Amino acid sequence: LNRLTQAQIEFYHSETFDPQSIQGDVLIANILLTPLIELYPKFINLVKPNGKLVLSGFLSSQAEEIENIYLEAFEREEKIEKNGWICWVARKKSK
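Definitions and limits used
Residues numbered from 1 in each chain as written. Predicted model: local features only at pLDDT ≥ 70, side-chain atom pairs only at ≥ 80, totals over all residues. Heavy atoms only, no water. Phe/Tyr/Trp six-rings, centres within 6.5 Å; stacked < 30°, edge-to-face > 60°. Buried < 20%, exposed > 50% of the residue type's maximum accessible area, 1.4 Å probe, protein only. Helix = DSSP H or I, 4+ residues; strand = E, 2+ residues; numbered from the N terminus. Salt bridge = Lys/Arg side-chain N within 4 Å of Asp/Glu carboxyl O.

A. Looking closely at the packing of aromatic side chains. By the definition in use, this model includes three aromatic pairs. Pairing Y70 with F74 gives two aromatic rings, centres 6.1 Å apart and planes at 45 degrees, and the pair type is tilted. For Y70, a relative accessible area of 0% corresponds to the buried category. For F74, a relative accessible area of 0% puts it in the buried group. Relative to W88, the ring of Y70 lies with its centre 6.1 Å away and its plane at 65 degrees, an arrangement referred to as edge-to-face. Taken as a pair, Y70 in helix α2 (residues 63–70) and W88 in strand β4 (residues 85–92) lie far apart in primary sequence, 18 residues in all. Residue Y70 shares its accessibility class with W88, and that shared class is buried.

Dropping the structure here:
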């Protein structure tokens, strides 16, 4: 997000947008494991092909479960662990 102006970035809150009407270049979600699993079908549609997905809020012991689900549609580019928590960065596979 470096060198981007605020005018170049659109932010959406889950309660205030229609997920059928947008697809983004980047989706960032900092929530726990269960919601990440439940939201997987929606996240697939919200990220453009080759777009980035950044997930955090789950424990290192849960990373394999996330990958088993998300690697169907995304390719992991980076996994960062800090104090037992994971930040998972991936790119959506092009069709």
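Back to the write-up after that little detour.
B. Broad picture of unusual backbone geometry. One non-glycine residue, N50, adopts positive backbone phi at about 70 degrees. Mapped onto the elements of the fold, N50 is located in strand β2 (residues 47–59). For N83, which is not a glycine, the phi torsion comes out positive at approximately 55 degrees. Its location among the elements puts N83 in the loop between β3 (74–82) and β4.

C. View of the environment of L4. Mapped onto the elements, L4 comes out in the segment before β1 (24–30). In this structure, the C-alpha to C-alpha distance between L4 and I22, residues 18 residues apart in sequence, is 20 Å.

D. The pattern of salt bridges, seen in detail. Throughout the structure, instances matching the rule amount to five salt bridges. A salt bridge links E77 to K52, with the nearest nitrogen and oxygen atoms 2.1 Å apart. Of this pair, E77 sits in strand β3 while K52 sits in strand β2, and the two are 25 residues apart along the sequence. Across the pair R91 and E75 runs a salt bridge, and its minimum N-O distance is 3.0 Å. Note that R91 is positioned in strand β4 and E75 in strand β3, a separation of 16 residues in sequence. A cluster of three or more residues bridged by salt bridges with shared partners is formed by K52, E75, E77 and R91.

Function cannot be inferred from these measures alone, as they are strictly geometric.
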